[in-house]
Structures are given as C-alpha cells and as structure tokens.
Amino acid sequence: MRAAIEGLATPDPLGRRLPAVYAADDLAQRLTGAYDQVIAPVHATLDSLWAYFDPALAPPDFVDWLGGWVAAGGGRDAATDERRRVVAGAVARHRVRGTAAGLAEEIRLATGVTPEVVESGGTAWSATPGAELPGSAEPALTVRIRVSEPTAALESRLRAVVEANRPAHVPYTVEVLSPDDGPTAGGPR
C-alpha cells in the first residue's frame, strides 16, 4: 500500500546535491530524478513514522500488524474503526486480563454480547483475625450469554475466548441461552 505513489515528490532531491559539473547535465538530473521517484515513498514513510504507531492514524493494514504486536485480539473482518479501537484499548485490557471484568470485555469484543461472569473467588479485609473468607475454596467460573439465536458456532467461539483468557487453574462452564431461558446448571470444563 505504501509503494510507488504517482507524483510523490521527495523532500530532498538528490540532483541538488551533485557537484556543479553535473548540476547542468540533463542525463545526470534525469537519473537522479528516477532514483528520487523510487525513494520518495521511503522518505514519506520515515517522515511520518510516528503516525504509524498511533492506531487512530496508521494505515488499515498496519493497524492489524500493531494489533499483533500488542496481542489485541479482535478480527480482521471487523470494520476499520472498530479494529483501531480494539488495538488502542489493548494495553488497558491487558491490565485486567484474568479478572472477571477483563474476561467480560474480551467476550464482548469477540461476540458483541455482554456476558454474565460468575466466579467463585473474592477478596476482603477484616480487622478481626480469623474472619470468614469470601468466595468458595473450590475455584469455578461460569460464563453466560443470552442471544436471540443460540448456535453451536457461537458456543464454540465463546469457549475459545474463555479458554484463552481465564486463569489457567480455574475450571469453567459456558452457557449460551436464549433471552427466555433461566440459568442452567452445567459441569465445569
């Protein structure tokens, strides 16, 4: 996409740097002009290199490459503006990776549905020694989404996202329900 661009001028033509004897030589100026035309996209890229690392300004194909650098997730089939937003928010999502909030955001990005995430853990503090601990001693995770048309493909996609983003030691259950269904009991996976 950033190859030869018709009519792109170089900011520093090589012909101006030649010794005086070649400055008036038509052949030397045409040869260096051809080189300038080939190297102009390189100058243009280097002059605006900072913009390539800003997801809001980078070319669409480079946004996908940046997404790979920061493990942004998201798909190439999404709209360009959505891909830019996903790459820009990758660092913030990495900060909460492995938490219920982080998992919920990854699922929302992958499926477009806000999930219900139920986990067994908890944190608390107490000034009283020996106070009861929150949560359950057995780790467990249930991820539930409600969609108008539950499909096996959506459940498979959801399992893949949960598998990639849950804490490795926590067994999980995935439930894809219609809006009318109540919660169901499922075994850990």
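Residues numbered from 1 in each chain as written. Predicted model: local features only at pLDDT ≥ 70, side-chain atom pairs only at ≥ 80, totals over all residues. Heavy atoms only, no water.

**Details of the sheet that holds strand β2 (residues 141-146)**
This is how it is decided: Only strands joined by at least two bridges in the DSSP assignment are considered to pair. Each helix is a run of H or I in the DSSP string that is no shorter than four residues. Each strand is a run of E no shorter than two, and both are numbered from the N terminus. Every angle, taken between N-to-C directions, lies between 0 and 180 degrees, and every axis is a line fitted to C-alpha atoms, over only the stretch in contact when it is a helix. Note on contacts: a residue pair is in contact if any heavy atoms of the two residues lie within 4.5 Å.
Across the sheet, which stays open at both edges, the three strands sit in the order β1-β2-β3 with mixed pairing between neighbours. At either end of the open sheet lies a strand with only one pairing partner, and these are β1 (116-119) and β3 (172-177). Each adjacent strand pair in this sheet contributes to an overall mean axis angle of 15 degrees, direction not counted. Here helix α8 (residues 152-165) sits on the sheet in contact with β2 and β3, set at roughly 150 degrees to β3.

**Topic: α8**
Residues spaced three or four apart along an α-helix face the same direction, because each turn holds 3.6 residues. We apply this condition: The length a helix should cover is 1.5 Å for every residue beyond the first. Whether a residue is buried, partly exposed or exposed follows from its accessible area with a 1.4 Å probe, protein chains only, as a fraction of its type maximum: under 20%, in between, or over 50%, in that order. To be clear, the arc concerns the directions from the helix axis to the C-beta atoms.
Counted at 1.5 Å a residue, the expected span for α8 with its 14 residues is 20 Å, and the 20 Å between its end C-alpha atoms agrees. Listed in full, the buried residues belonging to α8 are Leu154, Leu158, Val161, Val162 and Asn165. The arc enclosing the buried residues of α8, seen along the axis, measures out at 95 degrees, which places them on a common side. Within α8, the exposed residues directed more than 90 degrees away from the buried face are Ala152 and Ala153.

**Things to note about the nonpolar core**
The following threshold applies: Residues enter a nonpolar core if they are buried and are Ala, Val, Leu, Ile, Met, Phe, Trp, Tyr or Cys, with the set joined through side-chain atoms within 4.5 Å.
By size, the foremost hydrophobic cluster in this structure holds 17 residues, and its most contacted members are Ile107, Leu141, Ile145, Leu158 and Val162. Of all the secondary-structure elements, those providing two or more residues to this core are α7 (100-111), β2, α8 and β3. Considering each element in turn, this core owes the most residues, four residues, to α8. Apart from the residues within four sequence positions on either side, isoleucine 107 is in contact with Gly112, Val113, Pro115, Val143, Ile145, Leu158, Val161 and Val162. The next biggest cluster of nonpolar side chains, apart from the first, holds 10 residues, and it includes Phe62, Leu66, Val86 and Leu109.

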